[in-house]
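Geometric and topological summary
Here's the letter readout for the chains.
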Amino acid sequence: MGQTETHDPNIYYVPHASRWPIIATLALFTTMIGAALTVNKVAVGHYVLYAGLAALVFMLFGWFGDVIRESVKGFYNRQVDVSFRMGMIWFIFSEVMFFAAFFGALFYARMFVVPWLGGEGDGALTHEFIWSGYSSAWPTNGPLKVGGMFETIGAWGLPFLNTLILLTSGITVTIAHHALRAGERGKLLTFLGVTVALGMLFLYFQATEYYHAYHELGLTLGSGIYGSTFFMLTGFHGLHVTLGTIMLLVIWFRCAKGHFSRDHHFGFEAVAWYWHFVDVVWLGLFLFVYVL
Amino acid sequence: MWQKLFIVIVFIAIVYNLGAGLYFMMTDKGSTNRTVNALTRRIAISIALFALVGISIWMGWIAPHGVVVR
């Protein structure tokens, strides 16, 4: 909260008081209550949910704003800097584990479970007595045809275009990164701005693809194992692109305000790296879900 | 099969360079170009792989999901 303007640079900066933790607690509590009421179909449920979410956004905006102001005032010494970098490492570790779980589910279902149901390996008896008419294949919604008939989205078309868009955004964010290191502000802002625009374009096409899948291909979250793994992986990836785009937008405004220098730009570097990470996850998705 | 193995190996090279970028971000603290260079390698290899996969499907060397569309 930065209530004191005099700060000893040898001491790890801790604000004297902050209202944000209690606001965060109340916001999360309201959101959860709202979500619970909504799924139980209580009439006012969604109003409570939206109020909670609005409070959450207010809190994030305010808290991060305070952190940025503290950083700009120079309250953060080397020790605080190291703690931010450690935080980034743990955040990325959790992200890697998160996607590893969903990619793992896809591989396990595709490489083991579906072939077992088809009678391979340990599944010979299961196949013989329960699913004797089923021959394993991928994509599949299993022997019961859960969710009914569906068609998959071909690798050509929108997924190919979206991969192209994300890879292009990877180039533009890298050019922006080089520009920051070289101290070229105009170039930095231009290419960072283009990256944000490409992120939004990706999300638009992703939404179009989902609409097409639901309304014309019969491919839904309920289309058995293929549908659920497909939408879990691409959906959570889309959520990460949304987050990344918002973060890049914030960083664009911070760059425009001159918050970063050639040697002092952890905020930029962390978000740029995150964007590369999200891009690599998509490349993995494109290869393992659409192509291989 | 070897085509798919090759794709996976190149993908591992991409992940390695991404990881290197994170490592240099932690150790160099923005004072060197090692992070941005690792990320530049990462995007360069990614584009090369994407182009290769595109050409491979186009030429019929690999087929998405092993299903050949004629």
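What counts, and at which threshold
Residues numbered from 1 in each chain as written. Chains lettered and ligands numbered in written order. Predicted model: local features only at pLDDT ≥ 70, side-chain atom pairs only at ≥ 80, totals over all residues. Heavy atoms only, no water. Helix = DSSP H or I, 4+ residues; strand = E, 2+ residues; numbered from the N terminus. Buried < 20%, exposed > 50% of the residue type's maximum accessible area, 1.4 Å probe, protein only. Contact = heavy atoms within 4.5 Å. Areas by Shrake-Rupley, 256 points an atom, 1.4 Å probe, with all protein chains shown as cover. Lys, Arg positive; Asp, Glu negative; His and termini not counted. Charge placed at Lys NZ, Arg CZ, Asp CG, Glu CD. Rg over C-alpha atoms; globule rule 2.2 N^0.38 Å. Axes fitted to C-alpha atoms, helices over the stretch in contact; angles between N-to-C directions. Parallel < 35°, antiparallel > 145°, perpendicular 65-115°, else oblique. Left-handed = near helix turned anticlockwise from the far one by under 90°. Nonpolar A, V, L, I, M, F, W, Y, C, P; charged D, E, K, R; others polar. Salt bridge = Lys/Arg side-chain N within 4 Å of Asp/Glu carboxyl O. Domains from an automatic or database assignment. Buried area = accessible area lost by both parts, 1.4 Å probe. Polar contact = N/O pair within 3.5 Å; in protein donor to acceptor, adjacent residues only side chain to side chain.

1. With respect to the overall build of chain A
Tallying secondary structure elements over chain A gives eight helices and zero strands in all. Its C-alpha atoms put chain A at 75 × 50 × 35 Å along the principal axes. Out of the 292 residues belonging to chain A, those deemed buried represent 42%. Long-range pairs, those at least 24 residues apart, make up 69% of the contacts in chain A between residues at least 6 apart in sequence. Of the roughly 15000 Å² that chain A leaves accessible, carbon and sulfur atoms contribute 71%. Between the averaged position of the 14 positive side-chain charges in chain A and that of its 16 negative side-chain charges there is a distance of 11 Å.

2. Describing the overall build of chain B
If you tally the helices and strands in chain B, you get two helices and zero strands. Over its C-alpha trace chain B gives a radius of gyration of 16 Å, far above what one expects of a compact globule, namely 11 Å for 70 residues. On the principal axes, the C-alpha backbone points of chain B span a range of 55 × 15 × 15 Å. Classification of the 70 residues of chain B by burial places 44% in the buried group. For chain B, the proportion of contacts with a sequence separation of at least 24, taken over those separated by at least 6, is 55%.

3. Here's the deal with the packing of helix α1 (residues 2-28) of chain B against helix α2 (residues 34-59) of chain B
Residue and element names in this part refer to chain B. Direction vectors running N to C along α1 and α2 enclose 165°, while the axes themselves pass 8 Å from each other. Between α1 and α2, the crossing angle belongs to the class labelled roughly antiparallel. Where α1 crosses over α2, the handedness of that crossing is left-handed. Along the lines of polarity and charge, the residues of the contact of α1 with α2 split into 16 nonpolar, five polar and four charged.

4. Quick notes on the packing of helix α8 (residues 266-291) of chain A against α1 of chain B
In contact at an axis separation of 11 Å, α8 of chain A and α1 of chain B are set at 165° when each is read in the N-to-C sense. When the axes of α8 of chain A and α1 of chain B are compared, the pair comes out roughly antiparallel. Relative to α1 of chain B, the crossing made by α8 of chain A is left-handed. Across the interface between the two elements, F266, E269, A270, W273, H276, F277, V280, L283, G284, L287 and F288 of chain A of α8 of chain A pack against I7, V8, F11, I14, V15, L18, G21, L22 and M25 of chain B of α1 of chain B. Split by residue class, the contact of α8 of chain A with α1 of chain B holds 16 nonpolar, three polar and one charged.

5. Some details on the pattern of salt bridges
Residue and element names in this part refer to chain A. Within the structure shown, the criterion is met by five salt bridges over all chains. One salt bridge connects R69 with D66, and the closest N-O pair in it is separated by 3.1 Å. In this pair, R69 and D66 both sit in helix α2 (residues 45-72), three residues apart, roughly one turn of the helix. The exposure class assigned to R69 is partly exposed, which follows from its relative accessible area of 47%. Classification of D66 as buried rests on a relative accessible area of 12%.

6. Concerning the domain arrangement of chain A
Many descriptions give the size of an interface as the accessible area lost when the pieces come together. All names here are of chain A. Taken domain by domain, chain A consists of domain 1 (1-76) and domain 2 (77-291). Each of domain 1 and domain 2 has a C-alpha centre, and the two are 28 Å apart. On the side of domain 2, eight residues touch domain 1, which itself brings eleven residues to the contact. Buried area between domain 1 and domain 2, summed over both chains or domains, comes out near 760 Å², and the portion from carbon and sulfur atoms is 64%. Per-residue buried area on domain 1 facing domain 2 is highest for Y12, I68 and Y76; these three make up 68% of the total on that side. Our count for the contact surface shared by domain 1 and domain 2 stands at zero salt bridges. Partitioning the side of domain 1 that touches domain 2 into residue classes produces nine nonpolar, two polar and no charged.

7. Concerning the interface of chain B and chain A
Contacts between the two partners involve 35 residues from chain B and, on the opposite side, 43 residues from chain A. Here chain B meets chain A over a buried area of about 3400 Å², counting both sides, of which 76% is carbon and sulfur. Note that D279 of chain A is salt-bridged to R42 of chain B, the shortest N-O span being 2.7 Å. Between chain B and chain A we count eight residue pairs in polar contact (both at pLDDT 80 or more) in total. Only α1 and α2 of chain B provide two or more residues apiece to the side of chain B that touches chain A. No other element matches α2 of chain B, which puts 15 residues into the side of chain B that touches chain A. Taken together, the residues of the side of chain B that touches chain A break down into 21 nonpolar, eleven polar and three charged.

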